[in-house]
Amino acid sequence: MSGLSISRRGLLAGASALGAGAALTACGAKTGSTEASGSGAKADTSGDTVKVGLLNSLSGTMAISEVTVHNALLLAVKEINAAGGVLGKKLKPISQDGASDWPTFAEKAEALITDDKVVATFGCWTSASRKAVKPVFERYKSLLFYPVQYEGLEQSPYIFYIGATTNQQIVPALDYLKKQGLTRLYLVGSDYVFPRTANKIIKAYAKAKGMTVVGEDYAPLGSTEFSTIVNKVKDAGADAVFNTLNGDSNVAFFKEYKSAGLTAKSLPVLSVSIAEEEVKSIGTQYLEGQLTAWNYYETTPGAANTTFVKAYQAAYGKDKPTSDPMEAAYISVYLWKDMVEKAGSFDVAKVKAASGGIELDAPEGRVTVDGATQHVYKTARIGKVGADGLIEEVWNSGKPIKPDPYLKGYSWASGLS
Amino acid sequence: MTVVLNQSFTGISIGAVLLLIALGLTLTFGQMGVINMAHGEFIMAGAYTTYVLQKSISGAGLSLLVALPVAFLVAGAMGALLEWLLIRRLYTRPLDTLLVTWGVSLMLQQLARDIFGAPNVQTAAPDLLTENIPVGGAITLANNRLFILGLALLCVLGLTIVLRLTPLGRRIRAVVQNRDLAEVSGIATGRVDRMTFFIGSGLAGVAGVALTLVGPIGPTMGTNYIVDAFLVVVVGGIGQLKGSVITAFVLGVLQSVLEYSTTVSVAKVVVLVAIVAFLQWRPQGLYTLRTRSLA
């Protein structure tokens, strides 16, 4: 048939059609939001209820993680309403789907502020989505509470960072490895902003503290071919792997790791993006004994956590684990409530002024808001994945660590930006 | 030396994955000239079949074995349906098949999202396949990779037998070489087309089962592989089984060796540049079908 000669051209057309598809997706989300310049969007606090924005990816590749955060936010709002609301007003949650697409996040953030006139917004997960909405919140002088650990080196007057910054997660994790005598590190990460920045920090730390980085590899986000990277890890003579892979790549990486004969005993992996939810979906048999660094685990002791886990599982199912970002999202609503009540007003400037020193007995332990950086004092915890899929704490920092997003208190970190 | 041996095995195992995903395309694209962008979604269908079977059959090993033929049938039936509904109307317009099947691929992805949810899912591999065979020193052969290699070779063997030795294979080759002559010789070309499509798509389903052993299962997993699959078929020479086999393994080894000595992204770039250079030198691919047509 005559199709044979035309097929190759067809293939090229196919490739360009794919390219065009990608371009369409990119322009589909309009960038108009950055042009609007009305800063007059005042939060509406006139009625018996005030609206709060919940901005999470309820669809797309990030939904697996962000839906759990959304659930935790809804739980906090429900509890606060049941206890009488904030300043006598009930909270009305307005959910918007960021759809794992950063321009969509910016659009929905603007809609929440200007159309719904929310008093505050809670959400975002990836650094890319946070970077996309940052100018929107700054332009309208509206507040965002961000619940996920991140790479630091950022500070916005209109964002409260409730997850860990690097000196509350990555630096303690390195301290822990060093103390265990695991000084030859192999860095494996996804190829985007968080792992690249985190690894820059790790290399600076290693250089100053006598650790050695024996190798560094990045796989494209979503990549599932890890055989060569695992071979390189095996041959490099490392003591431990520092893993900043995100999302599904972890599934492929740990499957490959196990089939290459590497174990938590022979060559431990410390991950900073794998929490209870991910452990469950990757499979405990691939992760048992491996290390993680967070500020909260479902197993963290304390009455506040018992209450939180019980309430969450009562609302969403007995088999649903709680995780660090969920916990941070949950307490972010309570922290905001305390700020508003201390200020006696929903006004953003007054809430910000009142934020410093706000304390809460959170599921993760005592947290305190640092007014200067709008971050939170948090306890660092290293955990080990158990056979039941839960993470058991093996070390903690003993007391909450002061947030230091620019690592100013660490001489080895000078020059990082 | 250890490194060379380890990387060669890795390369061969990457090649085996490439070969599995490209094998079905060698038939549908190579033999029939249909640019089937939904091939990746047939791979996905095979992977989800494994997932569903594992939910209902206890024992990861048994469900994997059952999944192989079932995934072949499921993906094959989807392919045959696609051929019957749409593609048979477009045999004279190969470029249109591209657009139509791309639309179908998007619909299938959304369908998967609706049925299985947006988050990716995983299957548990049988214990045996998560182990490895140590071959002295630091060399290990991962069992799941050996399994995939075996599966790929088995599929090549099966396909060769079907094409070379069975009446169906003879009819397929006759239709590919001269449709009109085949038609007047009494071959029901429509039925042959559908069978070819059934087998090609079924092989994609088998590839999907294999891929559950190395990574997650998701609505868009097929798109990650479709470009690689087309590359293998084009470089190997369209419609040439032998070409696809050699190309898959050469690209796999090249990729793994480059990745070891550089980084993942550099290796990808170098491989693509090498392919472009190769196609400049041999636009018809590694092997060509010798026919009397002037095409």
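Keep in mind the model is a prediction, meaning the values are calculated, not measured. (Residues numbered from 1 in each chain as written. Chains lettered and ligands numbered in written order. Predicted model: local features only at pLDDT ≥ 70, side-chain atom pairs only at ≥ 80, totals over all residues. Heavy atoms only, no water.)

(A) Spotlight on the overall build of chain B. Each helix and strand in chain B was counted, giving 12 helices and two strands. From first element to last, N terminus to C terminus, chain B shows the α and β order α-α-α-α-α-β-β-α-α-α-α-α-α-α. Taken against the 2.2 N^0.38 rule, which gives 19 Å for 295 residues, the C-alpha radius of gyration of chain B at 19 Å falls within 12% of a compact globule. Look at the contacts in chain B between residues 6 or more apart in sequence, and 77% of them connect residues 24 or more apart. Summed over all atoms, the accessible surface of chain B reaches about 12500 Å², with 69% contributed by carbon and sulfur. Averaging the positions of the 18 positive and the 11 negative side-chain charges in chain B gives two centres separated by 10 Å. (Helix = DSSP H or I, 4+ residues; strand = E, 2+ residues; numbered from the N terminus. Rg over C-alpha atoms; globule rule 2.2 N^0.38 Å. Contact = heavy atoms within 4.5 Å. Areas by Shrake-Rupley, 256 points an atom, 1.4 Å probe, with all protein chains shown as cover. Lys, Arg positive; Asp, Glu negative; His and termini not counted. Charge placed at Lys NZ, Arg CZ, Asp CG, Glu CD.)

(B) The layout of surface pockets, seen in detail. Approximately 590 Å³ is the volume attributed to the second largest pocket. Lining the second largest pocket we find 25 residues, and of these Glu 277 and Ser 281 of chain A together with Asn 120, Val 121 and Gln 122 of chain B sit closest to its centre. Tallied by class, the residues present in the lining of the second largest pocket amount to 12 nonpolar, nine polar and four charged. Each of domain 1 (49–163 + 302–378) and domain 2 (167–295 + 382–413) of chain A gives at least three residues to the lining of the second largest pocket. (1 Å grid on protein atoms, 1.4 Å probe; cavity = no way out; pocket = protein on both sides within 12 Å on 5 of 7 lines; lining within 4 Å. Points joined across faces, edges and corners; volume = space filled by probe spheres on them. Nonpolar A, V, L, I, M, F, W, Y, C, P; charged D, E, K, R; others polar. Domains from an automatic or database assignment.)

(C) Representation of the sheet that holds strand E15 (residues 391–396) of chain A within the structure. Residue and element names in this part refer to chain A. Taken in spatial order, the seven strands make up an open sheet running E7-E6-E8-E9-E10-E14-E15, and their pairing is mixed. Every interior strand has two partners, whereas the edge strands, strand E7 (212–219) and E15, have only one. Across this sheet, the average inter-strand angle for adjacent strands is 25°, counted without regard to direction. Here three bridges tie strand E8 (residues 240–244) to strand E9 (residues 269–271), and the two strands are oriented parallel to one another. Its bridge partner lying in E9, Asn 243 is registered against Ser 271. (Pairing = 2+ DSSP bridges. Axes fitted to C-alpha atoms, helices over the stretch in contact; angles between N-to-C directions.)

(D) Structural context of the interface of chain A and chain B. In this complex, chain A contributes 43 residues to the contact, which on the side of chain B involves 59 residues. Buried surface at the junction of chain A and chain B, both sides included, amounts to about 4100 Å², of which 57% is carbon and sulfur. In this assembly, chain A and chain B are joined by two salt bridges. With a closest N to O distance of 3.2 Å, Glu 225 of chain A and Arg 145 of chain B form a salt bridge. If you list the elements that add at least two residues to the side of chain A that touches chain B, you get helix H1 (3–28), E7, helix H7 (227–235), helix H8 (249–259), helix H9 (276–282) and helix H10 (284–287) of chain A. For the side of chain A that touches chain B, the leading source of residues is H1 of chain A, giving 13 residues. (Buried area = accessible area lost by both parts, 1.4 Å probe. Salt bridge = Lys/Arg side-chain N within 4 Å of Asp/Glu carboxyl O.)

(E) Up close: the packing of helix H10 (residues 221–236) of chain B against helix H11 (residues 241–261) of chain B. All names here are of chain B. The interhelical angle for the contact between H10 and H11, taken along N-to-C directions, is 120°, at an axis separation of 8 Å. Judged by the inter-axis angle, H10 sits oblique to H11. Between H10 and H11 lies a crossing of right-handed hand. Contacts between H10 and H11 involve Val 232, Val 233, Val 235 and Gly 236 on the former and, on the latter, Gly 243, Ser 244, Thr 247, Ala 248 and Leu 251. (Parallel < 35°, antiparallel > 145°, perpendicular 65-115°, else oblique. Left-handed = near helix turned anticlockwise from the far one by under 90°.)

(F) Broad picture of empty space enclosed by the protein. This structure, assessed with the given rule, holds four cavities of 30 Å³ or more. Counted as a void, the largest cavity has a volume near 120 Å³. Lining the largest cavity are 15 residues, and of these Asn 231 and Glu 256 of chain A together with Phe 9, Thr 10 and Ala 142 of chain B sit closest to its centre. Where the lining of the largest cavity is concerned, the elements lending two or more residues are H7 and H8 of chain A together with helix H1 (2–31) and strand E2 (140–142) of chain B. Considered class by class, the residues forming the lining of the largest cavity number five nonpolar, seven polar and three charged. The volume enclosed by the second largest cavity comes to roughly 50 Å³. Together, Lys 255 of chain A together with Thr 50, Gln 54, Ala 60, Leu 64, Thr 123, Ala 124, Ala 125, Pro 126, Thr 212 and Leu 213 of chain B line the second largest cavity. Residues belonging to the lining of the second largest cavity are distributed by class as follows: six nonpolar, four polar and one charged.

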